[in-house]
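Structural overview
One letter stands for each residue in the lines below.
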Amino acid sequence: MVTIRDISKKCGVSPATVSKALNGYTDVGAETAKKIRETAREMHYMPNAAARLLKTKASHNIGVVFEDETQSGLAHEFFSQILNSAKNEMERSGYDITFISSMIGGNSFLEHCRYRKCDGVLVASVDFTSRQVTELAAGEFPVVTIDYSFPGQSSVISDNVEGAYELVKYLILKGHRRIAFIHGEDTLVTQKRIEGFYRGCAEYGIRVPDEYVRNGAYHDPERTRTITTELMKLPTPPTAILFPDDYSYIGGRIALERMGLSIPNDVSAVGYDGIGLSQVLRPRLTTWFQDAEGIGRKAGRKLIEMIEHRDTAKPEIIKVKGHLLEGDSVRSAAEPR
């Protein structure tokens, strides 16, 4: 293993100078510091984590809580973008990440974070109302959550009310009045989207039949396929469907094809998230684009700020705006078929 003394010998400076340069002290000349850092990279130097922890009281390790009910893991298009962006931001600041599990630490996220000596925790996807998560948010670690907020902690959220509202408004302005909504599980995100959906319909005087609003699941094409079939078999089927997310839309698309119906000629469709897949399908899916990369980047930056400036950093709710991504999956209800 390469040590600071090895670098000092190669650079012709003292070990103390090497240590200062690698830790960003300004009393080392710029050229000398640059040479030391380049040499350290060339020699594949890695600081001793245990020694650094003893010296700085910081592990430079950030915990990540990510539990996906659909078992997609890091193949989940939306959350993988968030996590990758957050990871890049953290690594640029010298932090490693560790996935925190409920299987370690006596069924406790908090105890696992203590075991791993985390400096802070990013909570990206989980049941935020569970005992484990509320315990973690109330613990000693700085926590940043995605699309959920706890008192005294920071969160990065997308405006789900606005997203659903704008999608419904778009459909209504295209002439649709029979609009169905297949939403995800009962979470805060879902509640906000339902609020936006009903707000848009009410604003334009549209009464939504109860059978048009259905409990689906995020990232679950099979469940969406079943519900889409049921919707289109109603005595008065919808002319447009808002799907839980772009990936789940695939199930609805399959159901419509099996029924001999086409998008958008027979029924219009809109998704949510704006993942790359939505734009390679034909017809291109009209959807609400969420800035997953921006969400991850801002979450990473805020968590590092909360870790490194605990005395001055203030908890805040950071909103990341999305926008309508218009495709070819919606036809004007006034157009002849």
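Section: the environment of glycine 63
Looking at the element boundaries, glycine 63 is found in strand S1 (residues 61–66). Ignoring any residue separated from it by four or fewer positions in sequence, one finds glycine 63 in contact with Thr98, Ile100, Cys118, Gly120, Val121 and Leu122.

A look at the packing of aromatic side chains
The full count for this structure, using the stated rule, is 8 aromatic pairs. Geometrically, the ring pair formed by phenylalanine 128 and tyrosine 148 is stacked, given 4.8 Å between the ring centres and 0° between the ring planes. One end of the pair, phenylalanine 128, is in the loop between strand S3 (120–125) and helix H7 (131–137); the other, tyrosine 148, is in the loop between strand S4 (143–146) and strand S5 (154–158), with 20 residues separating them in the sequence. By relative accessible area, which is 11% here, phenylalanine 128 ends up buried. With 5.4 Å between their ring centres and 75° between their planes, phenylalanine 197 and tyrosine 198 make a pair best called edge-to-face.

As for the sheet that holds S4
What links the strands of a sheet is backbone hydrogen bonding, and the strands pair in either a parallel or an antiparallel sense. Spatial ordering of the open sheet is given by S2-S1-S3-S4-S5-S11, a layout of 6 strands whose pairing is parallel. The sheet terminates laterally at strand S2 (96–99) and strand S11 (317–320), the two strands that pair on one side only. Between one strand axis and the next, the sheet turns by 20° as a mean value, whatever way the strands run. Here helix H5 (residues 77–92) sits on the sheet and contacts S1, S2, S3 and S4; the angle it forms with S3, its principal contact strand, is near 165°.

So, the side chain of serine 108
Looking at the element boundaries, serine 108 is found in the loop between S2 and helix H6 (109–115). Accessibility expressed as a relative area gives 5% for serine 108, which makes it buried. Of note is the side chain of serine 108, whose polar atom sits 3.0 Å from the side chain of glutamate 135. Look past the residues within four positions of serine 108 in its chain and what remains in contact with it is Ser101, Ser102, Gln132 and Glu135.

Thoughts on helix H8 (residues 160–173)
In this model, H8 (14 residues) spans 20 Å end to end at C-alpha, consistent with the 20 Å of a helix rising 1.5 Å per residue. With respect to burial, H8 is a largely interior element, 10 of its 14 residues being buried. Capping of H8 at its N-terminal end is provided by aspartate 159; its side-chain oxygen lies 3.3 Å from the backbone amide nitrogen of valine 161. Just downstream of H8, glycine 175 is the residue with a positive phi angle, here 100°.

Here we look at the nonpolar core
Ranked by size, the top nonpolar core spans 33 residues in total, and within it Val168, Phe197, Ile241, Leu242 and Tyr249 carry the most contacts. If one sorts the elements of this core by residue count, H8 sits on top with 5 residues. Discounting chain neighbours no more than four positions away, the residues touching phenylalanine 197 are Ala164, Tyr165, Val168, Ile179, Phe181, Val208, Val213 and Leu242. Ile62, Val64, Ile82 and Met90 belong to the second-largest nonpolar core, a separate cluster that totals 23 residues.

What to know about the packing of H5 against helix H13 (residues 292–308)
Orientation of H5 relative to H13, taken along the N-to-C sense of each, is 40°, at an axis distance of 7 Å. Overall, the two elements H5 and H13 adopt an arrangement that is oblique. When you trace H5 past H13, the crossing you get is right-handed. Taken together, the residues of H13 that come into contact with H5 (itself represented by Phe78, Gln81, Ile82, Ser85, Ala86, Glu89 and Met90) are Ala292, Glu293, Ile295, Gly296, Arg297, Gly300, Arg301, Leu303 and Ile304. For the contact of H5 with H13, a count of residues per class yields 8 nonpolar, 4 polar and 4 charged.

A few points about the pattern of salt bridges
Taken as a whole, this structure holds 15 salt bridges when the rule is applied. With a shortest N-O distance of 2.9 Å, glutamate 195 and arginine 199 are connected by a salt bridge. Remark: arginine 199 and glutamate 195 occur in helix H9 (residues 188–203); sequence separation between them is 4 residues, near one turn of the helix.

Thresholds, definitions, all that
Residues numbered from 1 in each chain as written. Predicted model: local features only at pLDDT ≥ 70, side-chain atom pairs only at ≥ 80, totals over all residues. Heavy atoms only, no water. Helix = DSSP H or I, 4+ residues; strand = E, 2+ residues; numbered from the N terminus. Contact = heavy atoms within 4.5 Å. Phe/Tyr/Trp six-rings, centres within 6.5 Å; stacked < 30°, edge-to-face > 60°. Buried < 20%, exposed > 50% of the residue type's maximum accessible area, 1.4 Å probe, protein only. Pairing = 2+ DSSP bridges. Axes fitted to C-alpha atoms, helices over the stretch in contact; angles between N-to-C directions. Polar contact = N/O pair within 3.5 Å; in protein donor to acceptor, adjacent residues only side chain to side chain. Expected span 1.5 Å × (residues − 1). Core = buried A, V, L, I, M, F, W, Y, C linked by side-chain atoms within 4.5 Å. Parallel < 35°, antiparallel > 145°, perpendicular 65-115°, else oblique. Left-handed = near helix turned anticlockwise from the far one by under 90°. Nonpolar A, V, L, I, M, F, W, Y, C, P; charged D, E, K, R; others polar. Salt bridge = Lys/Arg side-chain N within 4 Å of Asp/Glu carboxyl O.

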